[in-house]
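# Fold and geometry: a report
Here is how the chains run, residue by residue.
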Amino acid sequence: MFKIETMNGHERMSTQDLLLAIEDAVRSGETEFEIAASGQHDIGGPLWNPDGKKLVFHVTNAGQRVGSMCLPNTEIIVDGATSADVGWLNAGGIITVKGDAGDTAGHCSAGGKIFIGGRAGTRSGSLMKHDPLYEEPELWILKNTGSFSFEFMGGGRAVVCGYDSAEFSSVLGERACVGMVGGIVYVRGPVAGYPKDIKCLALDQDDIDFLAGGMDEFLSRIDRIELKQELSDWTQWKKLRPLTFEEKNAQPNHTMSIKDFRQQEWVKGGIFSDVAMDDFAVHNTISTGLYRLRVPSWDNGKYAAPCEFSCPTGIPTQLRYDLIRKGKLEEALDLELQYTPFPGSVCGSVCPNPCMDGCTRGSIDEAIQIGQLGFLSALREVEPPTESTGKKIGIIGGGVAGLSAAWQLARKGHTVTVYDDADRIGGKLEQVIPRGRLPHELLESELKRIESVGVKFVTSYKVDKPRFRDIRRDNDAVIVATGGHESRFFNWEGKELLTMGLDFLKKVNRGENPKVGKRVVVIGCGNSGMDTCRAAFDMGAVSVVAVDVQKPAAFADEIEYVESRGGQLVWPFFTEKITPEGIYSNDGRFIAADEVIVSIGEAPILDYLPDDADIKKFRDSWLIPNAKDRSILKGVFVAGDVVKPGRLTDAIGDGRKAAFYVDQYVMGREYEPFQEKEKIPAERLSKAYFTKCHHCELGSPQDDHVRCVSCGTCRDCKMCLESCPEKAITRIENEDGSWSYVSDPNRCIGCGICAGVCPCGVWSINDNPEPIKMYRTYNKN
């Protein structure tokens, strides 16, 4: 029991200090409180335990608004009487007052239960309301209420027992239930002065069941269980409720209706009577069908989730988690292989996972574990295609972009051959990425999977101009994907002393163990530079310093690794010259070095392309393909770093696009652009739905289907189905286990609640175009 004493001698704790003390205690895990108050306000709400444990408050001498905005799983017990506004805006708490309550008890209550063991003051129960998605609020009063009780009541149930109230002519005071439009008031004792649109009725069996079911709890909580027999004579009880819509309409009305006024008075004899073409049809603001102001649409999959949009490969992670929710884990793991042949080597190992940077969940707590999910697909097997198209594709370059294209084309039934000048296929994954970052056996297993779908590898095959002509002649289409293999550097003084970073990394991965100096400087602090630093340490360097003209662009974990081994990063550092003793910057700084390795990127070597062809290049190095279909010659397409330097995931995505256009070309289909969806606007997502998992423990990556916001893709939460006030939405289950949601225009009023509550941004609400079309047609005619 956490105790708070609000008086210290003659010093009284302020309301603000008391509430802050309670919040701190709840935050630290306290769940049961004993508060000796001295008139402080707002004790008991709104509070919640982050682990879902119940909060209990025992309070004496409470001030106004005790239990205001009280939340579910909170209980408040007030010993003795309390001041005004007890349970104001109660949203689900259980509040017990063992004495009298002041004015406006239960005012605006929308949930939970309030038990008063004495009298309640003026306007008690006013503006009570009931949201049909939640349990209705209850207000139980042992004795009587003051005047104006239950005015403007809109829902819920109130019980006034009338005990010890014989001296009052009305146990509800004067002018009770004025403006009441919903809910029920059960009362025992005399009632006088209620409005004409309120009915006073005898109890039916449902009413008796409700009162009998709640009476024990009420009397037990206020410590008056001995009154049960006296208060359970149901013949002494009655109920008050407002007239229904039908009952109001049945009453005589001598006022002219709007329709009669329009037909008999408005146009007739008026200044517009000769031109007014009125059909006298009245369309309410709230209408269904044609005359709705707005129309909803279920746009499932219309937008790309931020993870999909941020992934250059285009992997729709939200669809993988959608399958996992349906219990189809195997299909979810296979889905990634529709987009990449390297779920383990790239997605799960060396990719910086821009998908996770874009993940909506990351703005709530932690991003979904997308990289780890990709790794689960690393060892999946894929069946080769059962039919062949008879088309042959030659791919020059066995790196990531070329292999990505080969994977896509082979699975479509084409015969694919990949040519590479190295003795092992794999490009930079094989030749450059340190084995410490990418286990070689993992890469080899994924290369074997590419071969298993029918891709043929031709290694140690350096393509020159004659061989390019042969490859082009013998295939229906060719993809150029030879990547960047010429280290770039500037015209520094002493540039002849440089070691080329790419050549150095290739030697390391081939197992040649190239000798390095004890003191190494690496020019370049990007990811290639960090790989070079790592390799230099592995080859025996004692000191490694990486320099760059700008803030290091490498991934944080790669920088951290290099620094953990004693490496240093220096920037800004503008290289002026290289000498046998080291390297100088343009401001005179000097770093001693036995060897300087340059690693600031690579340019493609394209000397095998025909000289007489009209091939455009950027800075005389990178190819500029046709923006429409990524071709540079008829039947020759490009992918990867021959177009522009990029990450491995960029190369995979580029290979996908090239394969799309090659397939379209060789099959003779009409041109269609590669489909790329618009990113879902953040404002369409209702992230508040997911805050219940805030800072939860991360489990296995496949378990993240619970945390995934499923941006733009329906997660079948049924929020729209349950929230639609007109029950206009229907869920349709398809034979394959998928589903769709449909809004019935004859019931839908266009309120937009479906779009408002949808956590995934699937529902849209737009202006209804039909009345506008009709208006334009009418005016045109």
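Cut-offs applied
- Residues numbered from 1 in each chain as written.
- Predicted model: local features only at pLDDT ≥ 70, side-chain atom pairs only at ≥ 80, totals over all residues.
- Heavy atoms only, no water.
- Pairing = 2+ DSSP bridges.
- Helix = DSSP H or I, 4+ residues; strand = E, 2+ residues; numbered from the N terminus.
- Axes fitted to C-alpha atoms, helices over the stretch in contact; angles between N-to-C directions.
- Contact = heavy atoms within 4.5 Å.
- Domains from an automatic or database assignment.
- Buried area = accessible area lost by both parts, 1.4 Å probe.
- Salt bridge = Lys/Arg side-chain N within 4 Å of Asp/Glu carboxyl O.
- Polar contact = N/O pair within 3.5 Å; in protein donor to acceptor, adjacent residues only side chain to side chain.
- Nonpolar A, V, L, I, M, F, W, Y, C, P; charged D, E, K, R; others polar.
- Buried < 20%, exposed > 50% of the residue type's maximum accessible area, 1.4 Å probe, protein only.
- Parallel < 35°, antiparallel > 145°, perpendicular 65-115°, else oblique.
- Phe/Tyr/Trp six-rings, centres within 6.5 Å; stacked < 30°, edge-to-face > 60°.
- Lys NZ or Arg CZ within 6 Å of the ring centre and 35° of its normal.
- Expected span 1.5 Å × (residues − 1).

Time to look at the sheet that holds strand S8 (residues 111-116). Overall, mixed pairing links the 11 strands, which are arranged S1-S4-S5-S6-S7-S8-S9-S10-S11-S13-S12 in an open sheet. Pairing within the sheet leaves two strands with one partner each, and these edge strands are strand S1 (2-5) and strand S12 (198-201). Averaged over all neighbouring strand pairs, the angle between strand axes comes to 15°, with direction disregarded. Packed onto the sheet, helix H1 (residues 15-27) meets S1, strand S4 (32-36) and strand S5 (55-60) and runs at close to 165° relative to S4. The strands touched by helix H2 (residues 205-221) within the sheet are strand S6 (74-79), strand S7 (91-97), S8, strand S9 (138-141), strand S10 (154-160), strand S11 (182-188) and strand S13 (237-242), with S9 carrying the most contacts at an inclination of about 65°.

Moving on to the domain arrangement of the protein chain. The domains assigned to the protein chain are domain 1 (100-249), domain 2 (392-470 + 606-666) and domain 3 (489-600). Each of domain 2 and domain 3 has a C-alpha centre, and these two points are 29 Å apart. Between domain 2 and domain 3, the buried area comes to about 850 Å², and carbon and sulfur atoms account for 53% of it. Among the residues of domain 2 in contact with domain 3, Gln431, Val432 and Arg437 are the three that bury the most area, contributing 59% of the side total. Taken together, the connections running from domain 2 to domain 3 amount to two salt bridges. Asp531 serves as the salt-bridge partner of Arg437, at 2.8 Å between the closest nitrogen and oxygen. The interface formed by domain 2 and domain 3 contains six residue pairs in polar contact (both at pLDDT 80 or more). Within the side of domain 2 that touches domain 3, the residues separate by chemical class into three nonpolar, two polar and three charged.

Here we take up the sheet that holds strand S20 (residues 499-500). Adjacent strands of a sheet form backbone hydrogen bonds with each other and so pair up, either parallel or antiparallel. The strand order S20-S27-S21-S22-S23 describes an open sheet built from five strands, whose pairing is parallel. The open sheet terminates on both sides in strands that have one partner only, identified here as S20 and strand S23 (568-570). Relative to strand S27 (residues 595-598), strand S21 (residues 519-523) is paired through four bridges, and the arrangement is parallel. Directly across from Val522, in S27, lies its bridge partner Ile597.

Further remarks concern the pattern of salt bridges. Throughout the structure, instances matching the rule amount to 49 salt bridges. Between Asp334 and Arg380 there is a salt bridge; the shortest N-O distance is 2.9 Å. Residue Asp334 is located in helix H8 (residues 329-336), and its partner Arg380 is located in the loop between helix H11 (370-375) and strand S15 (392-396); the two are separated by 46 residues in the primary sequence. Asp334 sits in the partly exposed class, given a relative accessible area of 29%.

What follows is about the packing of helix H9 (residues 343-350) against helix H14 (residues 440-452). Running from N to C, H9 and H14 cross one another at 140°; their axes reach a closest spacing of 8 Å. If you check the angle between H9 and H14, you find them oblique. Where H9 approaches H14, its residues Pro343, Gly344, Ser345 and Ser349 are matched on the opposing element by Leu442, Leu443, Glu446 and Arg449. Here the residues of the contact of H9 with H14 are counted per class, giving three nonpolar, three polar and two charged.

Okay, the packing of aromatic side chains next. Following the criterion strictly, the structure yields 16 aromatic pairs and no others. The interplanar angle of 10° and the centroid separation of 4.8 Å between the aromatic rings of Phe33 and Phe57 together place this pair among those described as stacked. Here the residue Phe33 occupies a position in strand S4, and Phe57 occupies one in strand S5, the gap between them amounting to 24 residues. Grouping residues by exposure puts Phe33 and Phe57 together as buried. Consider the rings of Trp140 and Phe210, whose centres lie 5.8 Å apart with planes at 35°: the pair is tilted. Of the two residues, Trp140 sits in strand S9 while Phe210 sits in helix H2, which places them 70 residues apart along the sequence. Neither residue differs from the other here; Trp140 and Phe210 are each classed as buried. Each member of the aromatic cluster is reached from another via a ring pair, and the members are Phe115, Trp140, Tyr186, Phe210 and Phe218. The ring centre of Tyr461 lies 3.9 Å from the NZ or CZ of Arg467, which sits over that ring.

Attention shifts here to helix H17 (residues 527-538). In this model, H17 (12 residues) spans 17 Å end to end at C-alpha, consistent with the 16 Å of a helix rising 1.5 Å per residue. Here H17 lies mainly inside the structure; nine of its 12 residues are buried. All of the buried residues along H17 are Gly529, Met530, Asp531, Thr532, Cys533, Arg534, Ala535, Ala536 and Phe537. Where H17 terminates, the next one or two residues include Gly540, which has phi positive at roughly 115°.

To continue, consider the environment of Trp88. Its place among the elements puts Trp88 in the loop between S6 and S7. Apart from residues lying up to four places away in sequence, Trp88 is in contact with Arg65, Gly67, Ser68, Met69, His107 and Cys108.

Right, let's get into H14. End to end, H14 covers 18 Å across 13 residues, agreeing with the expected 18 Å (1.5 Å per residue, within 8%). Where H14 is concerned, the buried positions are His440, Leu442, Leu443, Glu446, Leu447, Arg449 and Ile450. Contact partners of the buried residues in H14: H9, H11, helix H12 (400-411), helix H13 (428-431) and strand S17 (456-458). Positive backbone phi, approximately 110°, marks Gly454, located one or two places after H14.

Turning our attention to the pairing of S6. Across the six residues that make up S6, a large majority, five, are buried. With six bridges joining them, S5 and S6 adopt parallel strand pairing. Across the sheet, Val59 pairs through a bridge with Val78, a residue of S6. As paired elements, S6 and S7 share four bridges and run parallel to each other. Looking at the pairing, Val78 lines up with Val97 of S7.

Let's shift gears to unusual backbone geometry. The linkage connecting Gly45 with the following residue, Pro46, adopts the cis geometry, with an omega of -10°. With respect to the helices, strands and loops of the structure, Pro46 is situated in the loop between S4 and S5. Even without being glycine, Leu127 reaches a positive phi, approximately 60°. Following the sequence through the fold, Leu127 ends up in the loop between S8 and S9. Taking the relative accessible area as the measure of exposure, Leu127 reaches 35% and is therefore partly exposed. In the Ramachandran plot, Phe150 falls in the positive-phi region, its phi being about 60° despite a non-glycine side chain.

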